[in-house]
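# Coordinates in review
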Amino acid sequence: MADGNDAEVLALRALEWMSIEKEPMRRFMATSGATLEDVRALVSDPEFLGSVLDFLLTEDRYVAQFCDSVHLPRADLAKARTVLPGGDLPNWT
């Protein structure tokens, strides 16, 4: 992942994928407390986009499904997360 702009574009693609797949979007909104209006209002907020990637990274199946759908190496999703706000936190696992 080259920079924050690339990571933001990837997060937007992830958000689009989640909305098409429906179930990931429902789970994201349920776990985050975000409404559809919140998603629309925050779509250009890098912190919000980071939370989209955080959500995807919590489920291996979402990582696999999303990355496979956009022909992205799975490790690149985690790399993209590191360049968005809040992504520089230590990984304790």
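As the structure is a computational prediction, the values presented were derived from the model and not from experiment.

Once that is clear, we can look at unusual backbone geometry. The phi torsion of most residues other than glycine is negative, and most of the peptide bonds are trans. For Lys-22, which is not a glycine, the phi torsion comes out positive at approximately 70 degrees. Mapped onto the elements, Lys-22 comes out in the loop between α1 (4–21) and α2 (23–32). Even without being glycine, His-71 reaches a positive phi, approximately 55 degrees.

Our next topic: the packing of aromatic side chains. If you walk through the whole model with that rule in mind, you get five aromatic pairs. Between Phe-28 and Phe-55, the ring centres sit 5.5 Å apart and the planes meet at 70 degrees, which makes this aromatic pair edge-to-face. Residue Phe-28 is located in helix α2, and its partner Phe-55 is located in helix α4 (residues 46–57); the two are separated by 27 residues in the primary sequence. By relative accessible area, Phe-28 is classed as buried at 2%. Members of the aromatic cluster, connected to one another through ring pairs, are Trp-17, Phe-28, Phe-48, Phe-55, Tyr-62 and Phe-66.

Calculation criteria
Residues numbered from 1 in each chain as written. Predicted model: local features only at pLDDT ≥ 70, side-chain atom pairs only at ≥ 80, totals over all residues. Heavy atoms only, no water. Helix = DSSP H or I, 4+ residues; strand = E, 2+ residues; numbered from the N terminus. Phe/Tyr/Trp six-rings, centres within 6.5 Å; stacked < 30°, edge-to-face > 60°. Buried < 20%, exposed > 50% of the residue type's maximum accessible area, 1.4 Å probe, protein only.

Note that all results are geometric; they support no functional claim without further evidence.
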